[in-house]
Amino acid sequence: MTRNIHGRLIVTVKIILMESFSSLQILIILLGGCLCVDLGHLDVAAHSKNGMGVQPLSKIAIHKAVYSLRDNASITAYPYVLGAKGGSSQWITVEIECPNPTEDDWVAVFSPAKFNSSTCPSDDDKQEEPYICSAPIKYKFANDSDAGYTKTGKASLKFQLINQRADFSFALFSGGLSNPKLVAVSNFIKFANPKAPLYPRLSQGKSWDEMTVTWTSGYSITEAVPMVKWGLKGESQTRSPAGTLTFHQNSMCGIPARTVGWRDPGFIHTSFLRDLWPNSMYSYKLGHKLVNGSYIWSKSYSFKSSPYPGQESLQRVVIFGDMGKAERDGSNEFNNYQPGSLNTTDQLIKDLNAIDIVFHIGDITYANGYISQWDQFTSQVEPIASTVPYMIASGNHERDSPGTGSFYDGNDSGGECGVLAETMFYVPAENRAKFWYSTDYGMFHFCIADSEHDWREGSEQYKFIEKCLASADRKNQPWLIFAAHRVLGYSSSYWRSGSYGEPMGRESLQKLWQKYKVDVAFFGHVHNYERTCPIYQNQCVNTERSHYSGTVNGTIHVVVGGGGYQLAEFSPVQTTWSIYKDSDFGFAKLTAFNHSSLLFEYKKSSDGKVYDSFTISRDYRDVLACVHDGCEPITLAP
């Protein structure tokens, strides 16, 4: 049997977000009758072409689901209990049998397992079941692994599930993603300890000798006391308490995060490990003391503490933007959403012994309001983030939401309005809602800006940026790095006609970059790689291409937005300031050998090989040398 689950006339509100030069157009189409929003048609098309790049889960019109149960249809998932040996992920098998199969049959993974109305807001005018009000966390088409499904009606699918603090079930739908008809529902499966502490994320603290550890669990503070057991590797360990944060559906600023994309995030814990010895190996475990006095511990992890500011040692920094996530089981990826994400992740894991700190400068997950995706991302980067500080910056897909104080009034965050990024990751900002901060790593001084808040001259952030740049001790920390998500400098991307950059940003900030002699400015947002000459006011100020020595006279700008999202083309315009361009997935690496020698490398994610590089060699006196607009006026007064 088939029946409409809403029992009333539906008006579809279709919201299409199309990015223009500095804003987003919102097109709302109302199609007669009483208002009932079809949240399955939220298309976030920023940074995409021809409709590509849309959040895969937004294609599912889950509110339109109807019953179409079939007596001979079945879907079975096994094993029933996952993580019995303590693991946080496991491959499972889903067996399907379906009479009258079609090529658009698909399988949804739901968590919590009771998906029909289990997470819905209360409603006096209760809809008829199934009334599915939350998107699945992932899906596959039934013929994904067996092209013969449409003939036999039988298929066996493999999914990789991660611990997301709740049980799971699987549902077989016909009718494709736009007109889903519920055909069969599976048994429930679960992790042995769904509340276990998982996915640690390290970050530099507010002082050089402090490391923070953030993780996710299902334990509230009324159930258990969170802590970290840690110490120098091989020596006695101590315990440090952790704070606990969470957020709720009414903390979200819009759709789909506030509606169909909502999923309980669990609890986010952060502990501060202080008074670390420089350049020393530490081991740690995440823990919770339960009310009955017993303890739950994670597996053991380790990290190397930061060098003392100015300390001369080998120091290696990786920087990229716009990576996102991808599923290792191939689910959700029907439209090639983030094809390079796993390549970048896996290459960084492979190179981890040669990396000391990572900066992911915006567009972290591309969850776009589908909250379950943040668990998927933190699981994906766990091998990296649990071992080296994983520092993030705010991008449009973390922050932008209409009417919430974003500098750009779009909905690229899908209603998250910064809440997820600010809670899931720690950064040493004075106010985490204002996502700008400074941090030191040995001979490096980093100034991380938030391009989604006002950075124009006279603004609060502009004052921070100047203070951050001015505070660099160039004798001991000669390498001064600026980073932000949007390109406030230079790019030859096709979608900005060959001279892209937020023009107000470049105009406002170039005086600071020049005055304080910023070595390299990094940006994401444009999904490719490009390096400029040392530049000031649109002019190259140095003719070298691969080796810079002495007084450089300008700042090198690097776009490194090829972390994983669909790639951007370049303009046919050949700019005079562009030295190297590559429309491929990759990341940048800085290696400081000492106070006088810096190596820059651009590596492709596909093979980890270096495709562009340069070196800087100079002494402290070169940093002090005057450059145009970069020195205080000299007086001849006696």
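A quick note: this is a predicted structure, and the numbers were derived from the prediction, not measured. (Residues numbered from 1 in each chain as written. Predicted model: local features only at pLDDT ≥ 70, side-chain atom pairs only at ≥ 80, totals over all residues. Heavy atoms only, no water.)

With that settled, consider the sheet that holds strand β9 (residues 138-141). A sheet is described by the order of its strands in space; here five strands give the open sequence β4-β12-β11-β8-β9, paired in mixed fashion. The sheet is open, and its two borders are formed by β4 (66-67) and β9, each paired with just one other strand. When β4 meets strand β12 (residues 181-185), the two strands line up parallel, connected through two bridges. Across the sheet, the residue bridging to Tyr67 is Leu182, located in β12. (Pairing = 2+ DSSP bridges. Helix = DSSP H or I, 4+ residues; strand = E, 2+ residues; numbered from the N terminus.)

With antiparallel pairing, the three strands of this open sheet are ordered in space as β5-β7-β10. Strands at the two margins of the open sheet, each flanked by one partner only, are β5 (74-78) and β10 (154-162). Strand-to-strand twist of the sheet, defined as the mean angle between neighbouring strand axes without regard to direction, takes the value 20°. In terms of strand pairing, strand β7 (residues 89-97) meets β10 through nine bridges, oriented antiparallel. Bridge pairing in β10 places Ile92 opposite Phe159. (Axes fitted to C-alpha atoms, helices over the stretch in contact; angles between N-to-C directions.)

What follows concerns the packing of helix α7 (residues 460-470) against helix α8 (residues 503-515). One way to put it is that α7 packs onto α8 with a least axis distance of 10 Å and a crossing angle of 10°. Between α7 and α8, the interaxial angle falls into the category roughly parallel. In contact with Tyr462, Ile465, Glu466 and Leu469 of α7, α8 contributes Ser508, Leu509, Lys511, Leu512 and Lys515. Among the residues making up the contact of α7 with α8, the classes are represented as five nonpolar, one polar and three charged. (Parallel < 35°, antiparallel > 145°, perpendicular 65-115°, else oblique. Contact = heavy atoms within 4.5 Å. Nonpolar A, V, L, I, M, F, W, Y, C, P; charged D, E, K, R; others polar.)

Residues Val520 and Phe522 of strand β28 (residues 520-523) are buried on one face, and the alternating residues Ala521 and Phe523, pointing to the opposite face, are buried as well. The pairing of strand β27 (residues 479-484) with β28 spans four bridges and is parallel. Among the inter-strand pairings, Ala483 is bridged to a residue of β28, identified as Phe522. Where β28 and strand β32 (residues 555-560) come together, four bridges link them in parallel fashion. Its bridge partner being in β32, Val520 is matched across the sheet by Ile556. (Buried < 20%, exposed > 50% of the residue type's maximum accessible area, 1.4 Å probe, protein only.)

This part takes up the state of the cysteines. Counted by the stated rule, this structure contains four disulfides. In this model, Cys533 is linked to Cys540 through a disulfide, with the two sulfur atoms separated by 2.1 Å. Residues Cys533 and Cys540 are joined by a disulfide whose S-S torsion is about -90°; by sign, that bridge is left-handed. Residue classification places Cys540 among the partly exposed residues on the basis of a relative accessible area of 35%. (Disulfide = S-S within 2.5 Å.)

Phe359, Tyr390 and Phe522 are the most contacted members of the largest nonpolar core, which totals 70 residues. Not counting the four nearest positions on each side in its chain, Tyr390 is found in contact with Leu202, Phe320, Met323, Val358, His360, Phe377, Val381, Ile384, Ala385 and Phe425. Formed by 26 residues, the second largest nonpolar core is a distinct cluster that contains Ala449, Cys468, Leu469 and Val487. (Core = buried A, V, L, I, M, F, W, Y, C linked by side-chain atoms within 4.5 Å.)

Under the criterion given, the structure shown has 33 aromatic pairs. Taking the centre distance of 5.3 Å and the plane angle of 85° together, the rings of Phe407 and Tyr408 count as edge-to-face. The class for Phe407 is partly exposed, based on a relative accessible area of 23%. Tyr408 sits in the buried class, given a relative accessible area of 5%. Taken together through their ring pairs, the aromatic side chains of Trp106, Phe110, Phe115, Tyr139, Phe141 and Phe173 make up a single cluster. Positioned over the ring face of Tyr408 is Arg486, at 3.5 Å from the centre of the ring. (Phe/Tyr/Trp six-rings, centres within 6.5 Å; stacked < 30°, edge-to-face > 60°. Lys NZ or Arg CZ within 6 Å of the ring centre and 35° of its normal.)

Now for the side chain of His485. Among the structural elements, His485 can be located in the loop between β27 and α8. Among the residues examined, His485 registers a relative accessible area of 0% and is labelled buried. At a separation of 3.1 Å, a polar atom in the side chain of His485 contacts the side chain of His525. Not counting residues within four places of it along the chain, the set of residues in contact with His485 comprises Asp322, Ile361, Gly362, Asp363, Ser394, Gly395, Asn396, Ser451, Glu452, Phe523, Gly524 and His525. (Polar contact = N/O pair within 3.5 Å; in protein donor to acceptor, adjacent residues only side chain to side chain.)

Let us look at the environment of Ser508. Tracing the backbone shows Ser508 in helix α8. Separated by 46 residues in the primary sequence, Ser508 and Tyr462 place their C-alpha atoms 8.5 Å from one another. In this structure Ser508 touches Trp455, Arg456, Glu457 and Tyr462, once residues within four positions along its chain are discounted.

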